[in-house]
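Each chain, letter by letter, is given below.
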Amino acid sequence: MSNAAQQFLEAAGTITRNLRHRGLIQTALRKYEVARDRKKSAFNDWSAARQSAAETKWDAINHLDTYLTEFASKIEARGTKVHWCTTGPEARDTIRGIIKDAKAKCVVKSKAMTAEEIHLNEALEKDGFEVVESDLGEFIVQLRKEPPYHIVFPAMHLTRDEISDLFERELGSAPTREPEELTMIARRALRRKYIQADVGITGANFAIAETGMVSITENEGNARLTSALPRVMVTLLGIEKILPKLEDLALFLPLLATAGAGQTVTGYNTLYGGPRQPGESDGPIEWHVVLLDNRRTELLADPEQRDALHCIRCGACLNVCPIFRNVGGHTYGTTYSGPVGSVITPHLRGMQEWKHLSNASSLCGACTEACPVKIDLHHHLLQNRRNAVGDSPSWIERLAWRAHAFAVNTPALYQFGQEVARIVEPLRLRLQGTPLDPVKSWTRTRDLPPVAPESFKEWWRNRR
Amino acid sequence: MVEESPMNAQERILARIREALKVPAPKPGSHGHGGHGRDVAPAPVFAFQGRPVQVARSWLPPGGSTPQEHLTRFAAASAELKTDFRCVESEAEAHVQLRQIADSEGWARVASHHSPLTDAATTALARPTLFTDGGYVPDELEVCDVGITTCDVLVAQTGSLVVNSRTSGGRALSVLPPHHVVLARKDQLLGDLTDAFQRIEQLHGTHWPSMISLVTGPSRTGDIERILVLGAHGPKKLTVLMW
């Protein structure tokens, strides 16, 4: 078993017994479900809208080279510097170089899962830069020195009391039970940072090929401020974020907001097409767009699972997943958790090390049903199981199945086995639950059906 | 670190993409009906038929078809978003309302930008005003009580409005002060997002501003126990005055 699999099992064993955690997640997700269903019902046809989105993303991903080239040339024409990075370390070094060249001290950052993916903050802090997360949820988990719990709701595993204690300890604020007061504490703490920061780092939700623009979705206004006041702006995004046309957003913005948070559209959906242009009163002098591959092209090379690159990171599949709802976000040990994380992580970080995630699924298909761009998530989990075995067959498993096949194809041997099982059964029942139980790894969490007193063949013979 | 020319990195990634795309992918949304097993040929490639979005708009939440319907929907969406939407008879009436808000909130400093609508409004307000046109000191904008701007369009379907960095006073004016007031004419209100993006393309398509923002309600967060709080980092209040 891989290290990651061992850690998953241990963490899952602990957290599934934690009733407080379960209560918090269930409450938060019930609220989400009510809001989402209400907004879904405002659509004239939700399923047709999903199909349309799937087709648009299919077009984007299956002509990725054309659209990326168009995007880059259009956005460069307005003075943006585009950096193409094959790996995480390459992207990290590129951004470190930009920040060093800017002679920056303070960096303010809005939410970017891609930055989590390449561990950007750790690298920048090692270099001695102060990096401040400005999204409220991200700000909270940064103070706790832990990764985001959920790709859309980073601090959903915390109560207001825990957040109040955290702010008291780290920021010296007075304790409060009011979410509003807690939000204002963060607001006041971050206001100065926007103005002081020399560099602002953002992620992106969509990259529009037709007009050469990046679209950033947020509710708080922190990304707006991050990209308004610092003199250098850096935007990090995966190459799969492409959408062909500007008007595609008319479909994707409501879809993302409805599936992700039960909103009609998110508070701020902002298009960025360049650094400050002549005649404009503010905005960064320099803008760097960092395009990240980081093994996305390997996923692209698998036509069966290529549609996993359609993902718009709305988090809907996490919210409905019975596994996620029980084990929570941190148990996965991955940047992207839940069903979509279980599908793509083996491709991005190694099949053998992460194949266990394919089994963290009941294959109920709720994820596939929830996905606004119709990614075939639960079948991809099955395909990953198959591919993991195909790439690295286990000789013990193979031997066991050969033996089984031989036994069931040899009637005499099969009957002999039945006889032995019937004789051994009473003894085994007495051993069940003790360390001597020969099948304890099965009976620990499951029932073993009793051996029938007579076989069908015997029953038939006796009745004739 | 080995310094590589950016062209090489770009070409390398594009080459990997082209190599990967040599094998076609099955039609989107065909769950479980694709090939089973890696050696089985994938399902026939879906022939992509033009742009689906023009069709897709009919599946989205409706925006209404007449100006009156647009107004009703925008008002309903605003109420849900906690946007203070006021549709008034005339510009003079809008200025009266603006002065009332200014008095009740005790605005000491106003921030705005130059345009016919905002110039008339700031003159009517007659308070110390910071204009962001041509640059400003962020600390001075931060202490203003309100940012007053124009907008490009408003969207009935979603209760949104669109500001941009060239003709709405820059990037920060509409998010840094605690109150954002938008002045708009009724004919700027459109039905849905598809209409809005078409209008934006007409307005700016030959000369894009560096930022275009679709603003939907005041700044908000639900990051603490999924409880809605307004004014996370941007404005706590959003007022739309339309005539």
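Computed from a predicted model, the values in this text were never measured in an experiment.

1. Describing the overall build of chain A
No. 1: Across its full length, chain A holds 23 helices and 10 strands.
No. 2: By its C-alpha atoms, chain A is 100 × 55 × 45 Å across when sized along the principal axes.
No. 3: Every one of the 464 residues in chain A was classed for burial, and the buried ones make up 60%.
No. 4: Within chain A, contacts between residues at least 6 apart in sequence are counted, and of these 74% link residues at least 24 apart.

2. Let's talk about the interface of chain A and chain B
No. 1: Listed by partner, the interface residues are 116 residues for chain A and 93 residues for chain B.
No. 2: A combined buried area of about 8,900 Å² lies between chain A and chain B, and 59% of that area is made up of carbon and sulfur atoms.
No. 3: The interface formed by chain A and chain B holds nine salt bridges in total.
No. 4: Run the count over chain A and chain B and you get 48 residue pairs in polar contact (both at pLDDT 80 or more).
No. 5: The element best represented in the side of chain A that touches chain B is helix α10 (residues 179-196) of chain A, accounting for 12 residues.
No. 6: In the side of chain A that touches chain B, the residues fall into 50 nonpolar, 32 polar and 34 charged.
No. 7: As defined by bridge partners, strand β9 (residues 268-272) of chain A adjoins strand β9 (residues 211-215) of chain B across five bridges and the pair is classed as antiparallel. The residue bridging Thr270 of chain A from the neighbouring strand is Ser213 of chain B, located in β9 of chain B.

3. Overview of the sheet that holds strand β4 (residues 146-149) of chain B
Residue and element names in this part refer to chain B.
No. 1: Pairing is parallel across the open sheet formed by six strands, whose spatial order is β1-β12-β7-β4-β2-β3. Of all the strands in the sheet, just β1 (84-87) and β3 (129-131) have a single pairing partner and so form its edges. For this sheet, the mean inter-axis angle between neighbouring strands, taken without regard to orientation, is 20 degrees.
No. 2: Alignment of strand β2 (residues 110-112) against β4, held across three bridges, turns out to be parallel.

4. Details of a nonpolar patch on the surface
No. 1: Residues Phe406, Leu413, Phe416, Val420, Ile423, Val424 and Leu427 of chain A make up a contiguous nonpolar surface patch of roughly 700 Å² in combined accessible area.
No. 2: Among the structural elements, Leu427 of chain A can be located in helix α21 (residues 411-431).

5. Overview of the sheet that holds strand β2 (residues 106-109) of chain A
All names here are of chain A.
No. 1: If you walk across this open sheet you meet the six strands as β1-β10-β7-β4-β2-β3, and the pairing is parallel. Looking at strand neighbours, the two that pair on one side only are β1 (81-85) and β3 (130-133), the edges of this open sheet. On average, each strand axis in the sheet is tilted by 20 degrees relative to the strand beside it, whichever way the strands run.
No. 2: With seven bridges joining them, strand β7 (residues 232-238) and strand β10 (residues 286-292) adopt parallel strand pairing. Note that in β10 the partner of Gly238 across the bridge is Leu292.
No. 3: Taken strand by strand, helix α5 (residues 88-101) contacts β1, β2, β4 (199-202), β7 and β10, and its axis lies near 150 degrees from that of β1.

6. What about the pattern of salt bridges?
All names here are of chain A.
No. 1: The full count for this structure, using the stated rule, is 37 salt bridges over all chains.
No. 2: For Arg313, the salt bridge goes to Glu240, with nearest N and O atoms at 3.5 Å. Here Arg313 is found in the loop between α13 (296-300) and α14 (316-320), whereas its partner Glu240 is found in the loop between β7 and β8 (242-243), with 73 residues between them in sequence.
No. 3: Overall, Arg313 belongs to the buried group, its relative accessible area being 14%.
No. 4: The exposure class assigned to Glu240 is buried, which follows from its relative accessible area of 3%.
No. 5: Glu458 is the salt-bridge partner of Arg422, the closest N and O atoms lying 3.6 Å from each other. Taken as a pair, Arg422 in helix α21 and Glu458 in helix α23 (residues 456-463) lie far apart in primary sequence, 36 residues in all.
No. 6: Exposure remark for Arg422: the relative accessible area of 22% places this residue in the partly exposed category.
No. 7: Three or more residues are tied together by salt bridges with common partners; here these are Asp93, Arg96, Lys100 and Asp127.

7. Some remarks on the domain arrangement of chain A
No. 1: When cut into domains, chain A gives domain 1 (43-294) and domain 2 (411-463).
No. 2: Taking only C-alpha atoms into account, the centre of domain 1 of chain A sits 59 Å from that of domain 2 of chain A.

8. Things to note about the environment of Gln7 of chain A
No. 1: Relative to the helices and strands, Gln7 of chain A resides in helix α1 (residues 3-15).
No. 2: Placed 243 residues apart in sequence, Gln7 of chain A and Ala250 of chain A show a C-alpha to C-alpha distance of 42 Å.

9. Considerations on the side chain of Lys57 of chain A
Residues and elements named next belong to chain A.
No. 1: With respect to the helices and strands, the residue Lys57 is situated in helix α3 (residues 46-62).
No. 2: Look at Lys57: it is buried, it has no salt bridge, and the nearest opposite charge is Glu240 at 7.1 Å.
No. 3: A polar contact is formed between the side chain of Lys57 and the backbone oxygen of Glu240, at a distance of 2.8 Å.
No. 4: Excluding residues within four positions of it along the chain, Lys57 makes contact with Glu240, Lys241, Ile242, Leu243, Phe252, Leu309, His310 and Val373.

Calculation rules
Residues numbered from 1 in each chain as written. Chains lettered and ligands numbered in written order. Predicted model: local features only at pLDDT ≥ 70, side-chain atom pairs only at ≥ 80, totals over all residues. Heavy atoms only, no water. Helix = DSSP H or I, 4+ residues; strand = E, 2+ residues; numbered from the N terminus. Buried < 20%, exposed > 50% of the residue type's maximum accessible area, 1.4 Å probe, protein only. Contact = heavy atoms within 4.5 Å. Buried area = accessible area lost by both parts, 1.4 Å probe. Salt bridge = Lys/Arg side-chain N within 4 Å of Asp/Glu carboxyl O. Polar contact = N/O pair within 3.5 Å; in protein donor to acceptor, adjacent residues only side chain to side chain. Nonpolar A, V, L, I, M, F, W, Y, C, P; charged D, E, K, R; others polar. Pairing = 2+ DSSP bridges. Axes fitted to C-alpha atoms, helices over the stretch in contact; angles between N-to-C directions. Patch = residues over 30% accessible without salt bridge, like charges linked within 9 Å, V, L, I, M, F, W, Y side chains within 5 Å. Areas by Shrake-Rupley, 256 points an atom, 1.4 Å probe, with all protein chains shown as cover. Domains from an automatic or database assignment. Lys, Arg positive; Asp, Glu negative; His and termini not counted.

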